[in-house]
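# Examination of the molecular architecture
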Amino acid sequence: MNSPRETQLGHDLHRLASGQPFTPDLAEIKQLARQRHRRGLMRRGATAAGAVVLAAGGLFFGVHGFSGDHGTADTAVGPTASAGGSSSTASATPGQSASGTMTPRLETVAYVAKQVEAALASVNGDIVRDDQVRTGLDNDSGTNWIDSRTGNEFMSLTGNTTGKSLAWLSFGSANGVRTATQVVAEYSTNTWYSTTLRLSGSAPQGSSVNQSSPVMTPAEIKTWVDSGKLKIVGHQSINGHNAIALRGPWALGYREMWVDSQTFLPGRIFVDYYADQGMPSQDLKLTGNLTWLPRTQSLVSMVNDVHVPAGFKQVASSQ
Amino acid sequence: MNSRDEEFGEFMRNRASPLHQSAYLLCGDWHLAHDLVQDTLAKAYLHWPRVRQADSQDAYVRRILLNEARGRWRRRERTAAVSRFPEGREPVAPDATDEITRRAGLLQALQSLPLRQRATIVLRYLEGMSERETAGVLGCSEGTVKSQSARALGTLRNYLDRTESTL
């Protein structure tokens, strides 16, 4: 039972919050929902592509290794290994050292970071396949192919409520400002559109590049690495390869990067949204399993050339 | 209009105003509250099949609202100074005989609370939720709700003491 002053507080709160009518329009909400879905596509694409651009530039780290054992698919780690391998992946909870196979290691974060940086710098134009699974409120899956030389990306996404989409993300510059252009084809409406976002400076509202975006600028990555907040959280055998898990915070939770202990190439990146922050979690998690593929003409064309399905109608990006 | 739109439309008509009121107390600005609820409803619409399967659609959408509020709060913290009281100064309720000023004092005092405590106050005393229900929305234990409430009421004690003296 509330005390008199708690009861009074309730009355005061009601009076304070009353008197402002609010009648949202369904059409407007649906429009916002569509825009939000598209921003999500861009954010997913830029997450992976940003990682490879950084890798190609030798800036490494931070974004690249989605890890954790939340993925449902087994994962191969290392150059030219194929995703979805046959061996079983040990399961563990993020925050714990990954699995029962965990063994004490002498690697320090600084040592591992240096090895990862060297490994990424030695990658010669591989096409990176990133099989992503997102669970929680946004329950969908998709596959990205990323050109580590250009940073461009092709994505095929299937959402449980939004259907199938294809997207091509490419990077450029205008007036000294780095830009990202995304072409999206949506099978639910047989339409496609193109949109361009600035990637530096004051990002426009709705851009994937904001304080809560998983995309990190080089300066942010350096800050992240230098922050002393990264830690090694475990070792796990994935498809016969020992992988090292590094974890660091980001604006909306934390991210982990799992790297092969032999090649030091990222094999998995895991992002947990809103974790460990004392607020309601909707268990949003994104796992990306990375496969490093040799650069072939067909893969290069698939990633860098836009192929909108026949019969699709172009619409404005705001529709 | 399809069945999804009809279902969601009914939910929106019933719940938009209470969500709007909660959002206002969370962010302290009607325009921000408007945007916050619009974004919340858009997200709920996008994921309606999942929302409608929840034990409590209302609790689920309130979680979305709180997460949206927190995301904005974090971005705001990183880009601009948050309106806080100067060091060593606690919010003081103004003259209780002035109703408008008194409400402004309450709003100011609320905004001085950490977001989680503010959310607890809004759910407990605006929405009239029990500690168990509040814990369900916040995703924490009832004990945490109790401690968060106690801390928040402690911070608001100047306002509450002044109010109590006028009862």
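Attention here is on the structure that accompanies the text. (Residues numbered from 1 in each chain as written. Chains lettered and ligands numbered in written order. Predicted model: local features only at pLDDT ≥ 70, side-chain atom pairs only at ≥ 80, totals over all residues. Heavy atoms only, no water.)

Moving on to the overall build of chain B. What chain B contains, in helices and strands, is nine helices and zero strands. Mapped in sequence order, the helices and strands of chain B form the string α-α-α-α-α-α-α-α-α. Burial statistics for chain B: of 167 residues in total, 51% are counted as buried. Once local pairs closer than 6 in sequence are excluded, the contacts in chain B between residues at least 24 apart make up 66%. Of the roughly 7800 Å² of accessible surface on chain B, 46% is carried by carbon and sulfur atoms. (Helix = DSSP H or I, 4+ residues; strand = E, 2+ residues; numbered from the N terminus. Buried < 20%, exposed > 50% of the residue type's maximum accessible area, 1.4 Å probe, protein only. Contact = heavy atoms within 4.5 Å. Areas by Shrake-Rupley, 256 points an atom, 1.4 Å probe, with all protein chains shown as cover.)

Here we take up helix α5 (residues 297–304) of chain A. L299(A), V300(A), S301(A) and V303(A) are the residues of α5(A) that are buried. On its buried face, α5(A) is in contact with β1 (127–135), β2 (140–147), β3 (153–159), β4 (163–174) and β11 (285–293) of chain A.

Moving on, we come to the pattern of salt bridges. Residue and element names in this part refer to chain B. Evaluated as defined, the whole model comprises eleven salt bridges over all chains. The salt bridge involving R52 is made with E7; its shortest N-O contact spans 2.7 Å. With R52 in the loop between α3 (48–51) and α4 (57–79) and E7 in helix α1 (residues 3–27), this residue pair connects regions lying 45 residues apart in the sequence. You can call E7 partly exposed: its relative accessible area is 32%. Here R62 and D58 are joined by a salt bridge, their closest N and O atoms 3.5 Å apart. One end of the pair, R62, and the other, D58, are both in helix α4, four residues apart, so they sit about a helical turn from each other. Summarising the burial analysis for this pair, R62 and D58 share the class buried. Through salt bridges that share partners, R15, D58, R62 and E127 make up one connected network. (Salt bridge = Lys/Arg side-chain N within 4 Å of Asp/Glu carboxyl O.)

Here the focus is the nonpolar core. Counting 60 residues, the largest nonpolar core has L9(A), L13(A), F8(B), L25(B) and I121(B) as its most contacted members. Split by domain, this core shows at least three residues from each of two domains, domain 1 (1–85) and domain 2 (95–167) of chain B. The contact partners of L25(B), leaving out residues within four places of it in the chain, are L13(A), L16(A), A17(A), L107(B), L110(B), Q111(B), R118(B), V122(B) and L126(B). With 20 residues, the next largest nonpolar core counts V112(A), I146(A), F264(A) and Y273(A) among its residues. (Core = buried A, V, L, I, M, F, W, Y, C linked by side-chain atoms within 4.5 Å. Domains from an automatic or database assignment.)

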